[in-house]
Amino acid sequence: MTPDNPEKPPLRLGPLAIAPPILAAPLAGFSNFAFRQILRNLGGVGLPATEMLSARGFLFLEDRKQAQPERLWGVKDEPRPLAVQIWDNDPDKLAEVGRRIAQEFRASVVDLNFGCPARDVAQKAESGAYLLGDPQRVGDLVARVVTACRPTPVTAKIRLGLARDAVNAVDVAQAVEGAGGAAVTVHGRTADQLYRGRADWDAIARIKPHLKKMPLIGNGDLKTSDDVLQAFRRYGVDGVMIGRAALRRPWLFREAAAALAGQPIPPEPTAEEQQELLREHFRLIVAQFGPEKGTVMMRALAAPYATGRPGVRRFRAAVARIATPEDFDRVLKEEYPGSLVVGR
Ligand SMILES: Cc1cc2nc3c(=O)[nH]c(=O)nc-3n(C[C@H](O)[C@H](O)[C@H](O)COP(=O)(O)O)c2cc1C
């Protein structure tokens, strides 16, 4: 690795090599089967992730002999590698569901959520980011899941702490490492920030010297391939995770992968190619959810696309009203920014 050819070595998660070391973030409501395939088809993503899954919810459905959780749809058959994220605060439930996800669902990685600040997860269920308040407990949970999932690697996703005056990511990351975690991903915000303010990458970088050998994955506000390059160069992380920017520009992964490999950045897809991508996204969504629910879901999934293109507001207003697959097709044809051929 030289400054002119900054190609990164693969990221090692236990026995698994992740190359390029660019992970897709779990995004509840978005990172379903369809989105993961879109990312894979575009290239550059080292490890896609499912939406977070409640361990309790998994066992509850099973007790009632109902179908498996919707969030595991497609997981058994889709390409690997794939991380499945679970959350809970009960060691037995987390270990049991982790084991099943590793063995029956053959996840490449089981990721534990210690970063979600949403009311239902953090306050009501005392899980997700709530657990950051007790690093020892995080370590105990990770240790149980590591044992249950072996040899599948178990990772943890955390935030900097509960609040600005309670930043303890070093303690939590060390607890994860001590418990046998394969990596820790740190979102550079505190739980009480939710998504406000800016991710603090200096605080992420400060964790690195405190880890013996467990990789550190940085997350928060990466929007461009240059942001990704800087994350590696300036902040010394072993991997990066991209969330919201991938909803707007799912081709960001291939751009970042090229930048990391010292290769030219591939051109942005044309408006026509972006429309085709949205059609494919919709086909995959309909395959899982059917045309009615799929159309409603597509309102939120399509809206982030076209960010920054002139006319995006019109497109968003139109896509927010689609009620049928035909509506979506028409909106794509008539309203997708940059797609109108005027005066020819
Ligand atoms: C709509 C939405 C859903 C999210 N769902 C999850 C989730 O299921 N599990 C999780 O660990 N983080 C979740 N996150 C947090 C992201 O994974 C990520 O940590 C955060 O968005 C910061 O990264 P970014 O700036 O690249 O988006 C979610 C974030 C958003 C905006």
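Residues numbered from 1 in each chain as written. Predicted model: local features only at pLDDT ≥ 70, side-chain atom pairs only at ≥ 80, totals over all residues. Heavy atoms only, no water.

## Digging into the site of the ligand
So the rule is basically this: For this purpose, a residue is taken to be near a molecule or strand whenever a single non-hydrogen atom of the residue falls within 4 Å of it. Pairs of N or O atoms within 3.5 Å make up the polar contacts considered here, provided that, within protein, one atom can donate a hydrogen while the other can accept it, and that residues adjacent in sequence are counted only when both atoms are side-chain atoms. Accessible surface is estimated by sampling points in the Shrake-Rupley manner with a 1.4 Å probe; for residues, cover comes only from the protein chains shown. Each residue is assigned to one class: nonpolar for Ala, Val, Leu, Ile, Met, Phe, Trp, Tyr, Cys and Pro, charged for Asp, Glu, Lys and Arg, and polar for all the others, Gly among them.
Lining the immediate environment of the ligand, one finds 17 residues, of which A28, Q85, N219, D221 and R244 sit closest. Take N219: an N or O atom from its side chain is 2.6 Å from an oxygen atom of the ligand. Take R244: an N or O atom from its main chain is 2.7 Å from an oxygen atom of the ligand. Here the ligand, which alone exposes 610 Å², has 88% of that area covered by the protein. Looking at the shell around the ligand, its residues break down into eight nonpolar, six polar and three charged.

## Describing helix 8 (residues 225-235)
For clarity, the threshold we go by: Burial classes: relative accessible area under 20% of the type maximum marks a residue as buried, over 50% as exposed, and values in between as partly exposed (1.4 Å probe, protein chains only). The helix and strand labels rest on DSSP assignments: H or I over at least four residues marks a helix, E over at least two residues marks a strand, and numbering proceeds from the N terminus. It only takes one pair of heavy atoms within 4.5 Å for two residues to be counted as in contact.
Listed in full, the buried residues belonging to helix 8 are S225, V228, L229, A231, F232 and Y235. At its buried positions, helix 8 is contacted by helix 7 (201-205), strand 10 (239-242) and helix 10 (252-260).

## Points about the confidence of the model for the chain
Under the convention used in this document: Confidence scores labelled pLDDT are given residue by residue by the predictor and lie between 0 and 100.
With 96% of its residues at a pLDDT of 70 or more, the chain shows a mean pLDDT of 95. Under a pLDDT of 50 for its full length, residues 1-6 has, in the predicted model, twelve contacts with residues more than four places off or in other chains. Low pLDDT, under 50, characterises residues 340-344; the stretch is placed with two contacts to residues that sit more than four places away or in other chains.

## Structural notes on the sheet that holds strand 7 (residues 154-159)
Here is the rule: The criterion for strand pairing is that DSSP finds at least two bridges linking the strands in question.
If you trace the eight strands from one edge of the open sheet to the other, you get 3-10-9-8-7-6-5-4, paired in parallel fashion. Looking at which strands have only one partner, the edges of the open sheet turn out to be strand 3 (22-24) and strand 4 (53-54). Sheet topology places strand 5 (residues 83-87) next to strand 6 (residues 109-114); four bridges connect them, and they run parallel. Note on strand 6: the bridge partner recorded for Q85 is D111.

## Focus: the pairing of strand 10
Burial along strand 10 is two-sided: the residues G239 and M241 and V240 and I242 are all buried. Pairing between strand 3 and strand 10: three bridges, direction parallel. Within strand 10, the position partnered with A24 by the bridge is I242. Judged from the three bridges that link them, strand 9 (residues 216-219) and strand 10 form a sheet pairing that is parallel.

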